[in-house]
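Chain and residue survey
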There are 2 protein chains.
Amino acid sequence: MSHTAELIAVGTELLLGNIANTDAQMISEGLSQLGINVYYHTVVGDNPQRVRQAVEIARQRADILITTGGLGPTCDDLTKVAIAQAFGKELVFHQESAQRIRDRFAAMGRPITENNYQQAMIPQGAVVLPNDWGTAPGVAFQAEGTHVILLPGPPRECEMMFRYRAVPYLKQLSDGVIVSRTVKTFGIGESAVEAQLRELMNALHNPTLAPYAKPTGTELRITAHAGTEEEALALIAPVEQQVKDRLGDKVIGVDVGSLEEVCLALLKEKRLTVGTAESCTGGLVAKLLTDLPGSSAVFQGGIVSYSNSVKAGALGVPYDLLDRYGAVSPQVAEAMALGAREALGCDIALSTTGVAGPDLDDRGNPVGLVYLGLAWAGGCHVATYQGGRVERERIRRQSAQTALDLLRRHLTGAPLL
Amino acid sequence: MSHTAELIAVGTELLLGNIANTDAQMISEGLSQLGINVYYHTVVGDNPQRVRQAVEIARQRADILITTGGLGPTCDDLTKVAIAQAFGKELVFHQESAQRIRDRFAAMGRPITENNYQQAMIPQGAVVLPNDWGTAPGVAFQAEGTHVILLPGPPRECEMMFRYRAVPYLKQLSDGVIVSRTVKTFGIGESAVEAQLRELMNALHNPTLAPYAKPTGTELRITAHAGTEEEALALIAPVEQQVKDRLGDKVIGVDVGSLEEVCLALLKEKRLTVGTAESCTGGLVAKLLTDLPGSSAVFQGGIVSYSNSVKAGALGVPYDLLDRYGAVSPQVAEAMALGAREALGCDIALSTTGVAGPDLDDRGNPVGLVYLGLAWAGGCHVATYQGGRVERERIRRQSAQTALDLLRRHLTGAPLL
């Protein structure tokens with residue numbers, strides 16, 4: 001049986017535009033992975049009548065109702081009270097939840113006030129979803145043909161509660177299991193992926209294959225529905241192989257993290273260190289690599305050589321080269337990478353030099369033209385990235401990621417760009 | 001008369017969780033600035049019946065209806081058709097819009113297809129909101145007591161169309177003008193701001209004063225409603241002065257951009273150059289400064305000295321100092337800033353060294369402890385930032401921003417941290 005879910009976010013801060021409803025995005029993505037349709041999202045403020053009205057409308061349109069926010073003492077547990085009334089449920093005291101709240105306050109060394117215990121009041125007969133990431137417990141129950149799940153609003157809490165509490169509950173609603181694997185790619189757009197895989201996507205029903213355009217690259221999600229996890233994985237395997245075969249070295253991995261995580265893992269495995277010499281990306285490649293905990297094991301350091309004097313002084317790029325070819329040239333990209341390897345004492349160095357815009361450089365190089373250098377013990381390679389005349393931020397992000405892709409290709413023996 | 005607006009976003013990509021509804025956040029913030037209440041947001045997919053149903057519900061609850069998305073040929077101009085039906089309007093051909101579409105395609109050198117002209121069909125009697133940022137024009141009209149505004153969905157297009165087309169239209173709905181000024185602060189949380197300004201905020205009605213917590217710092221928006229812009233500004237001025245007096249050197253400016261923009265403008269004005277030496281922030285300070293076009297005029301370069309060998313080699317931090325005090329120490333922060341000034345040939349250097357987590361460093365320094373150095377021709381100063389045990393990303397962002405705040409304070413003569 002196919003289910004339809006509807007999301008209601010409760011919070012005046014959403015209506016004032018203080019924050020975006022990222023909870024809805026996260027939950028919608030998760031529900032689509034479970035094969036559950038979503039037809040509407042609603043956002044409503046901290047107002048009991050309006051929350052109640054939103055619930056009444058939503059329950060007529062969906063058989064799964066998921067609320068986010070409006071739990072906890074600052075809003076008088078608004079959502080729980082409104083939901084309990086809408087479904088004719090009493091709120092009863094839940095001893096175990098009260099104990100968890102007491103323990104949490106004790107651990108933080110903060111005094112507990114009476115209104116904190118309100119969070120331990122639970123709609124009669126509901127399943128309590130323990131919250132290990134905050135104080136307000138979640139709740140799930142079925143009443144009058146509707147499954148209702150209440151989750152806290154703060155994005156991180158909501159994500160953890162959805163992933164570890166709501167998803168297992170929702171999985172019970174379907175027969176069998178739903179399993180997904182995600183093939184991550186870099187350097188190929190969603191429409192090019194669709195063009196290559198359209199026939200396969202259209203031919204498939206179980207598993208399904210769907211592309212997702214993310215700022216970090218196109219992802220392909222293969223989702224199977226089966227009696228057991230093993231059966232689901234067996235359905236996924238041949239499709240995963242087909243996708244990998246078609247997309248070749250554009251695939252950075254399956255169920256992996258970001259490109260920088262893939263690079264870091266490869267560097268650790270091969271016991272190699274890396275360093276950076278950045279001009280147009282201005283520190284972004286170094287920033288991406290050091291976003292990750294444990295990066296100090298492989299990342300030595302970087303030089304942001306924005307001015308020619310720093311290119312010459314810190315990286316040893318000959319002034320002669322800068323004069324002859326200009327800072328934005330394959331020759332300088334190469335000299336920067338070679339110089340960084342020496343200056344930073346690393347096994348592999350990445351360099352970037354290009355025109356991030358909005359204006360052309362003084363030699364008339366077009367906005368979006370970036371040279372990426374890679375130097376290693378055995379040699380040096382320069383790739384050209386032509387991002388086109390888009391926003392500065394996008395040129396910088398894309399060229400930083402392309403530099404990391406160059407590193408990934410080098411480390412995996414794939415053809416360099 | 002006070003107005004109530006409701007937002008309807010049309011797009012299946014929102015229901016699949018591919019993107020968050022950032023249009024709703026942007027518009028809600030803008031409406032709150034205009035003094036217009038928002039009680040609900042709705043998101044609905046590319047489905048004519050469901051869009052129609054969402055419109056019918058919304059028009060009973062609000063007198064201003066703003067839709068985003070569902071314009072343009074890929075979705076058969078879904079929203080425009082549904083809205084026209086709901087309000088009993090014919091769609092008529094708008095010659096001027098057709099010409100704009102033709103010109104745009106000609107400028108891009110792309111052939112125009114028949115379905116592109118669908119975008120030139122406009123509800124009879126509606127005001128066309130010309131779109132200078134994309135192909136689908138916006139539309140505004142009043143019918144049966146409701147003001148209806150249709151905007152395109154892509155976030156940047158939507159933002160420009162809202163700011164430059166919808167806001168002027170909405171301003172006509174109120175008598176007189178609404179003017180806002182935003183006081184930006186750094187280094188003071190929303191609750192501390194509220195504690196200091198609560199009485200003032202409660203006492204005010206015109207202008208109003210409201211705090212907004214942003215990741216980049218707390219903002220205070222002063223909004224006045226008056227007959228003319230001059231009258232509104234005259235109402236704002238004394239409140240602005242009071243806010244500045246109370247918050248003192250936490251104020252980075254009024255109606256200014258980011259902290260890095262403020263720093264860049266100050267550096268340009270004083271004809272000074274800057275450079276960075278980063279450990280725990282791993283290139284983020286350099287990245288923030290170079291996010292801005294024109295930064296090459298004042299930013300010389302930076303060194304990301306993640307390993308001790310780079311601290312010693314590229315920055316000249318004595319090994320002796322690293323051994324004696326450890327990399328995370330005020331002594332090393334100072335030596336890094338002094339070394340960067342020399343190595344990069346800049347007037348002012350900023351340095352960061354600290355523990356971004358998730359683990360303590362090898363000397364047992366706690367997660368979140370960061371030393372920030374500032375070196376200039378006349379001396380050197382080290383500030384301590386204690387961010388507490390929060391996520392790595394947040395520690396890095398906050399300490400990078402605090403380093404920039406140190407620079408701002410130095411450049412404006414405010415007390416250093």
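Residues numbered from 1 in each chain as written. Chains lettered and ligands numbered in written order. Predicted model: local features only at pLDDT ≥ 70, side-chain atom pairs only at ≥ 80, totals over all residues. Heavy atoms only, no water.

Glancing now at the overall build of chain A. The number of helices and strands found in chain A is 14 helices and 17 strands. Residue burial in chain A is summarised as follows: out of 417 residues, 56% are buried. At a minimum sequence separation of 6, the contacts of chain A that also span at least 24 residues come to 66%. A total of about 16900 Å² of accessible surface is found on chain A, and carbon and sulfur atoms cover 49% of it. (Helix = DSSP H or I, 4+ residues; strand = E, 2+ residues; numbered from the N terminus. Buried < 20%, exposed > 50% of the residue type's maximum accessible area, 1.4 Å probe, protein only. Contact = heavy atoms within 4.5 Å. Areas by Shrake-Rupley, 256 points an atom, 1.4 Å probe, with all protein chains shown as cover.)

For the rest of this paragraph, the subject is the sheet that holds strand S11 (residues 217-226) of chain B. All names here are of chain B. With antiparallel pairing, four strands are arranged side by side in an open sheet as S10-S11-S9-S12. Every other strand in the sheet has two partners, leaving strand S10 (208-214) and strand S12 (251-254) as the edge strands with one partner each. Neighbour-to-neighbour, the strand axes of the sheet open up by a mean angle of 25 degrees, direction not taken into account. Seen against the sheet, helix H7 (residues 190-203) touches S10 and S11 and runs at an angle of roughly 175 degrees to S10. Relative to the sheet, helix H8 (residues 229-247) contacts strand S9 (177-185), S10, S11 and S12, its axis offset from that of S9 by approximately 20 degrees. (Pairing = 2+ DSSP bridges. Axes fitted to C-alpha atoms, helices over the stretch in contact; angles between N-to-C directions.)

Let's shift gears to the interface of chain A and chain B. Tallying the contact residues gives 54 residues for chain A and 54 residues for chain B. Buried area between chain A and chain B, both sides added, is near 4400 Å², and the carbon and sulfur share of it is 55%. It is Leu15, Tyr40 and Tyr306 of chain A that lose the most area in chain A upon contact with chain B, and together they represent 13% of the buried surface on that side. Here chain A and chain B share 36 residue pairs in polar contact (both at pLDDT 80 or more) between them. Looking at the side of chain A that touches chain B, the elements that each hand over two or more residues are helix H1 (12-15), helix H2 (22-33), strand S2 (37-44), helix H3 (48-59), helix H10 (284-290), strand S14 (299-304), helix H11 (308-313) and helix H14 (392-412) of chain A. Among the elements that line the side of chain A that touches chain B, the one with the most residues is S2 of chain A, at seven residues. (Buried area = accessible area lost by both parts, 1.4 Å probe. Polar contact = N/O pair within 3.5 Å; in protein donor to acceptor, adjacent residues only side chain to side chain.)

Moving on to the relation of the copies chain A and chain B. What relates the two chain copies is a rotation about an axis together with a slide along it. When chain A is fitted to chain B, the residual RMSD is 0.1 Å, and the transformation amounts to a turn of 180 degrees plus an axial shift of 0.0 Å. On this basis, the relationship between the two copies can be described by a two-fold rotation axis. In this assembly the copies share their binding face: 100% of the residues contributing to the interface of chain A also contribute to that of chain B. (Least-squares fit on C-alpha atoms with pLDDT ≥ 70 in both.)

Here the focus is helix H7 (residues 190-203) of chain A. All names here are of chain A. Taking 1.5 Å as the rise per residue, H7 with 14 residues should run 20 Å; its terminal C-alpha atoms sit 19 Å apart, in good agreement. If you check which residues of H7 are buried, you get Val193, Leu197, Leu200 and Met201. Summarising the contacts, the buried residues of H7 are in contact with strand S10 (208-214), strand S11 (217-226) and helix H8 (229-247). (Expected span 1.5 Å × (residues − 1).)

Attention shifts here to the packing of aromatic side chains. Note on aromatic pairs: each is described by the distance of the centres and the angle between the planes. Per the counting criterion, the structure on display carries six aromatic pairs over all chains. Taking 5.4 Å as the distance between ring centres and 70 degrees as the angle between the ring planes, the aromatic pair formed by tyrosine 306 of chain A and phenylalanine 299 of chain B counts as edge-to-face. Of this pair, tyrosine 306 of chain A sits in the loop between S14 and H11 while phenylalanine 299 of chain B sits in strand S14 (residues 299-304), placing the two residues on different chains. Here tyrosine 306 of chain A falls in the buried class, since its relative accessible area comes to 14%. With relative accessibility at 0%, the residue phenylalanine 299 of chain B sits in the buried group. In this arrangement the basic side chain of arginine 59 of chain A is found over the ring face of phenylalanine 87 of chain A, its NZ or CZ atom lying 4.1 Å from the centre. (Phe/Tyr/Trp six-rings, centres within 6.5 Å; stacked < 30°, edge-to-face > 60°. Lys NZ or Arg CZ within 6 Å of the ring centre and 35° of its normal.)

Before going further, it helps to examine the environment of alanine 120 of chain A. Residue and element names in this part refer to chain A. Counting through the fold element by element, alanine 120 comes out in the loop between helix H5 (95-108) and strand S5 (121-123). A sequence separation of 20 residues divides alanine 120 from arginine 100, and the C-alpha atoms of the two residues are 9.0 Å apart. What alanine 120 contacts, discounting residues up to four positions off in sequence, is Val92, Phe93, His94, Ser97, Ala98 and Ile101.

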